[in-house]
Amino acid sequence: MTIDVSPRSGLAGVLDRFTGPRATGAELVLQFLPPLIAAILAPAYAISQQLDWSLWQLGLVALLALDLLGGVLTNATATAKRWYHRPGQGFAEHFSFVLVHLLHIAAVAWLFRGGDGIFFLSVSGYLMVGAIAILRAPLYLQRPIALGLYGLALLGDRYLFTPTDGLEWFLGFFFLKLFVSHLLFEEPHQRTQPES
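A few points on the structure. Just so it is clear, the structure is predicted and the values come from calculations on it, not from any experiment.

Notes on the overall build of the protein chain
Consideration 1: Scanning the protein chain from N- to C-terminus turns up 9 helices and 0 strands.
Consideration 2: If you list the helices and strands of the protein chain from N to C, you get α-α-α-α-α-α-α-α-α.
Consideration 3: A compact globule built from 196 residues should have a C-alpha radius of gyration of about 16 Å, and the protein chain, at 18 Å, falls within 12% of that.
Consideration 4: Expressed as lengths along the three principal axes of its C-alpha atoms, the size of the protein chain is roughly 55 × 35 × 35 Å.
Consideration 5: Scored against the burial criterion, the 196 residues of the protein chain give a buried share of 42%.
Consideration 6: As presented, the protein chain carries roughly 10,700 Å² of accessible surface, and 67% of it is formed by carbon and sulfur atoms.

Structural data, given as C-alpha cells:
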C-alpha cells in the first residue's frame, strides 16, 4: 500500500506540513494531547517551585514544553518520518531545522540562566557537532551514534551544568527531539488493517 505524502490544500495542508500528510487520528492525539498537558504542567511546576518568573517567562516555558514534547512525539510517528525524510530532504534541510533550535538554547541561557554564555556556547556547539555526526554517518550507524550522543548529552546535563531551576527537563527533551526523533531516518511502517 502506497501512502500519499503530498500535503493537501488549505488548512488541512498547513496541518499536513507540520505533522506529515494525512496523519491518523491516533497520531494526531499523540502529537497534540500530551504536549498540551506539558504546556500546562511546565509553568505550573515553575510556580510550585516559587520561582520569581514573569507571565511572559511562564508563557515561554509553556511554549518550550509544547514544542519539545510535541516534537519528540510528532517526529517519532510513521507519517512524520515519511514527510520529513521524503526525497529532497537532505543534509541542508535537516541541519537548518536543527539550527532554528539555537533560539531555544539562547532563550534558556539568557532568560532563565542569567545570560549564561558558557551554557549557550557549549550546548549549541554540541548540538551542531552532534547533528553533523548523525547526518554524515552511514545509515546503519546513525541510530547508535544518535543514541550515544543523546546519552552523553544527559550526562553533560547532569554533571557539567547547574540545573536550570524550573527547566530541569529542558536538555533531556531538547536532545531527544533533535538527535533521536527528528534526525534519524527510519523506514516508516505502513498503516495496515487489523486481520479478521
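A short note on the nonpolar core
Consideration 1: The biggest cluster of nonpolar side chains holds 39 residues, and the ones touching the most others in it are Leu127 and Phe175.
Consideration 2: With residues up to four places along the chain from it excluded, the contact list for Phe175 reads Val123, Tyr126, Leu127, Tyr150, Ala153 and Val180.

What about the environment of Arg8?
Consideration 1: Relative to the elements of secondary structure, Arg8 occurs in the segment before helix H1 (10-19).
Consideration 2: Residue Arg8 is classed as partly exposed on the basis of its relative accessible area of 33%.
Consideration 3: Sequence spacing of Arg8 and Ala44 is 36 residues, and the spatial spacing of their C-alpha atoms is 37 Å.
Consideration 4: Apart from residues lying up to four places away in sequence, Arg8 is in contact with Gly13, Asp16, Arg17 and Arg22.
Consideration 5: Side-chain polar atoms of Arg8 contact the side chain of Asp16, separated by 2.8 Å.

Considering the pattern of salt bridges
Consideration 1: Scanning the entire structure with this criterion turns up 5 salt bridges.
Consideration 2: Note that Lys81 and Glu186 form a salt bridge whose closest N and O atoms lie 4.0 Å from each other. Residue Lys81 is found in helix H4 (residues 78-84), and its partner Glu186 is found in the segment after helix H9 (170-182); the two are separated by 105 residues along the sequence.
Consideration 3: Judged by its relative accessible area of 3%, Lys81 is buried.
Consideration 4: You can call Glu186 partly exposed: its relative accessible area is 23%.
Consideration 5: One salt bridge in this structure joins Arg113 and Asp116, with 3.1 Å as the shortest N-O distance.
Consideration 6: For Arg113, a relative accessible area of 18% corresponds to the buried category.
Consideration 7: Counted as one network, the salt bridges with shared partners bring together Lys81, Arg143 and Glu186.

Overview of the packing of helix H8 (residues 139-159) against H9
Consideration 1: Running from amino to carboxyl end, H8 crosses H9 at an angle of 165°, the nearest separation of the two axes being 10 Å. Between H8 and H9, the crossing angle belongs to the class labelled roughly antiparallel. For the crossing formed where H8 meets H9, the hand is right-handed. Between H8 and H9, the contacting residues are Ala146, Leu147, Leu149, Tyr150, Ala153, Leu154 and Asp157 on the first element and Leu171, Gly172, Phe175, Leu176, Phe179 and Val180 on the second.

A look at the environment of Pro34
Consideration 1: Note on placement: Pro34 falls in helix H2 (residues 25-48).
Consideration 2: Under the relative-accessibility criterion, Pro34 is labelled partly exposed at 26%.
Consideration 3: With 35 residues separating them along the chain, Pro34 and Leu69 place their C-alpha atoms 7.5 Å apart.
Consideration 4: Here Pro34 is in contact with Val29, Leu69 and Leu73, once residues within four sequence places are set aside.

Criteria and cut-off values
Residues numbered from 1 in each chain as written. Predicted model: local features only at pLDDT ≥ 70, side-chain atom pairs only at ≥ 80, totals over all residues. Heavy atoms only, no water. Helix = DSSP H or I, 4+ residues; strand = E, 2+ residues; numbered from the N terminus. Rg over C-alpha atoms; globule rule 2.2 N^0.38 Å. Buried < 20%, exposed > 50% of the residue type's maximum accessible area, 1.4 Å probe, protein only. Areas by Shrake-Rupley, 256 points an atom, 1.4 Å probe, with all protein chains shown as cover. Core = buried A, V, L, I, M, F, W, Y, C linked by side-chain atoms within 4.5 Å. Contact = heavy atoms within 4.5 Å. Polar contact = N/O pair within 3.5 Å; in protein donor to acceptor, adjacent residues only side chain to side chain. Salt bridge = Lys/Arg side-chain N within 4 Å of Asp/Glu carboxyl O. Axes fitted to C-alpha atoms, helices over the stretch in contact; angles between N-to-C directions. Parallel < 35°, antiparallel > 145°, perpendicular 65-115°, else oblique. Left-handed = near helix turned anticlockwise from the far one by under 90°.

Remember that the coordinates give geometry; whether it matters functionally is a separate question.
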